[in-house]
Amino acid sequence: MSLIELMQKRTAVGVFSKTTDSAFVEAAGYAGLDFIILDTEHGPASLETLHHHARAAKLTTMQAIVRVKGVEAHAIGSALDTGAAGIQVPNINNAAQARDAVNAARFHPYGNRGVCRFVRSANFGDQEKASYFQEANQAIVVLQVEGLEGVKNLDEILDVPGFDVLFVGPYDLSQSVGKPGEVDAPEVVALMQDIARKATAKGVLLGAFCDTPFNAKLLKKEGFQYLAYSVDVNIYLEACRKVKGVINE
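Rules of the game
- Residues numbered from 1 in each chain as written.
- Predicted model: local features only at pLDDT ≥ 70, side-chain atom pairs only at ≥ 80, totals over all residues.
- Heavy atoms only, no water.
- Axes fitted to C-alpha atoms, helices over the stretch in contact; angles between N-to-C directions.
- Helix = DSSP H or I, 4+ residues; strand = E, 2+ residues; numbered from the N terminus.
- Parallel < 35°, antiparallel > 145°, perpendicular 65-115°, else oblique.
- Left-handed = near helix turned anticlockwise from the far one by under 90°.
- Contact = heavy atoms within 4.5 Å.
- Nonpolar A, V, L, I, M, F, W, Y, C, P; charged D, E, K, R; others polar.
- Buried < 20%, exposed > 50% of the residue type's maximum accessible area, 1.4 Å probe, protein only.
- Polar contact = N/O pair within 3.5 Å; in protein donor to acceptor, adjacent residues only side chain to side chain.
- Pairing = 2+ DSSP bridges.
- Right-handed = clockwise from strand over helix to strand, strands pointing away.
- Phe/Tyr/Trp six-rings, centres within 6.5 Å; stacked < 30°, edge-to-face > 60°.
- Core = buried A, V, L, I, M, F, W, Y, C linked by side-chain atoms within 4.5 Å.

S.K.: How do you make sense of the packing of helix α2 (residues 22–30) against helix α3 (residues 47–58) when you look at a structure like this?
M.R.: Helix packing geometry: the angle between the two helix axes and the distance between the axes. α3 packs onto α2 with a crossing angle of 25° between their chain directions and a minimal axis gap of 8 Å. The orientation of α2 relative to α3 falls into the category roughly parallel. Considering only the axes of α2 and α3, their crossing is right-handed. Listed contacts from α3 to Ser22, Val25 and Glu26 of α2 are Thr49, His52, His53, Ala56 and Ala57. Classifying every residue of the contact of α2 with α3 gives 3 nonpolar, 4 polar and 1 charged.

S.K.: Would you explain helix α4 (residues 73–81) in this entry?
M.R.: An α-helical turn contains 3.6 residues, so any two residues separated by three or four positions project in the same direction. Among all positions in α4, only Ile76, Gly77, Ala79, Leu80 and Asp81 are buried. Among the structural elements, α3, β3 (63–67), β4 (86–89), α5 (95–105) and α6 (129–136) are those in contact with the buried residues of α4.

S.K.: When you look at the side chain of glutamate 41 in this model, what are you seeing that I'm missing?
M.R.: Tracing the sequence through the fold places glutamate 41 in the loop between β2 (35–39) and α3. With a relative accessible area of 19%, glutamate 41 lands in the buried category. At 3.4 Å, the side chain of glutamate 41 forms a polar contact with the side chain of asparagine 91. Here glutamate 41 is in contact with Arg67, Val68, Lys69, Pro90 and Asn91, once residues within four sequence places are set aside.

S.K.: In this structure, what is going on with the packing of α4 against α5? I would like to understand it.
M.R.: For the pair α4 and α5, the least separation of the axes is 8 Å and the interaxial angle reads 40°. Relative to α5, the element α4 lies oblique. Taken as a pair, α4 and α5 cross one another with a handedness that is right-handed. Here α4 contributes Ala73, Ile76, Gly77 and Leu80 to the contact with α5, which in turn contributes Ala101, Ala104 and Ala105. Grouping the amino acids of the contact of α4 with α5 by side-chain chemistry returns 6 nonpolar, 1 polar and no charged.

S.K.: Looking at this structure, how should I read the pairing of β3?
M.R.: The two faces of a sheet get side chains in turn, since along a regular strand they alternate between them. By the criterion of burial, β3 is predominantly enclosed, with 4 of the 5 residues buried. Summarising the sheet, β2 and β3 pair through 5 bridges and their orientation is parallel. Opposite leucine 38, over in β3, you have valine 66 as the bridge partner. The parallel pair β2 and β3, bridged by α3, forms a crossover whose chirality is right-handed. Once you follow β3 into α4 and on to β4, the crossover reads as right-handed.

S.K.: Where do I start with the packing of aromatic side chains in this structure?
M.R.: Each aromatic ring pair is specified by the distance between its two centres and by the angle formed by the two planes. In the structure shown here, the tally under the stated rule is 9 aromatic pairs. Arranged with centres 5.9 Å apart and planes meeting at 85°, the rings of phenylalanine 167 and tyrosine 226 form a pair that is edge-to-face. Here the residue phenylalanine 167 occupies a position in strand β6 (residues 165–168), and tyrosine 226 occupies one in strand β8 (residues 226–231), the gap between them amounting to 59 residues. One aromatic cluster is present, built from ring pairs that chain together Phe16, Phe35, Phe167, Tyr171, Phe209 and Tyr226.

S.K.: Please clarify how the nonpolar core should be interpreted in this entry.
M.R.: One broad trend across soluble globular proteins is that nonpolar side chains are buried collectively. Counting 55 residues, the largest nonpolar core has Ile76, Leu166 and Phe224 as the members making the most contacts within it. Excluding its chain neighbours within four sequence positions, the residues that come into contact with leucine 166 are Leu143, Val145, Leu154, Ile157, Leu158, Ile195, Ala199, Val204, Leu205, Leu206 and Gly207. By size, the runner-up hydrophobic cluster in this structure holds 19 residues, among which are Met7, Phe35, Val165 and Leu205.

S.K.: Teacher, can you tell me more about the sheet that holds strand β5 (residues 140–145) here?
M.R.: The strands making up a sheet are joined through hydrogen bonds of the backbone, oriented either antiparallel or parallel. Strands sit in the order β1-β2-β3-β4-β5-β6-β7-β8 around a closed barrel of 8 strands; the barrel is parallel. The average undirected angle you get between the axes of adjacent strands in this sheet is 25°. Taken together, the 4 bridges between strand β7 (residues 205–210) and β8 define a ladder with parallel strand orientation. Bridging across to β8, glycine 207 finds its partner in tyrosine 226. Contacting β4 and β5, α5 crosses the sheet at an angle of about 160° to β5.

All we've got here are geometric facts, nothing functional implied.
Spelled out as structure tokens, the structure:
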């Protein structure tokens, strides 16, 4: 079952990843997560590391999504060449940027992605060409709306064809309303609810970041089907803290 098919049945659960160790990615898959977002916007992973991470994810049923730094065609194509299941593009502020992101992620006739079939995603040229191009055009495209400009242009962004999930970044949204980090502020919650209402009305799948069980449940109730819960290195940190607490009780 693809991640999109899964989201049409239930909420998909994943994490952001900022590690450079592919063992963490592989372990997350064995834990049963549905997806992992390999973060190159705020994380240290190189393109070579992304190849190892994508390979580690494929040892499990978990889908790897690469968050690129922005709307940049070469970065989007390179991320998909790793064999990752999809890409996530931050800071989408208008329909033109949304179209550019989709165009960079799709081959003809749906886009203009740079063509090289001698890459990991095509089994280094072993996969039959027509099959590869057809399968590659099923890659998941997630667009992030994170600021007031994107919210203002949301209706036009939602009308852009070819992307799969609209992702809302609550922390950046809180920054845009002048309350950085206050993701529970009434202004931020109201914006999240308004975005959810508009996306649901147009049949667009919704994603978001959360880092508390309370917020996760609220987002799920609002209809968010793609929830990224916290970050792998922070989850590890908190687990180590709990271990110390157990021993010192």
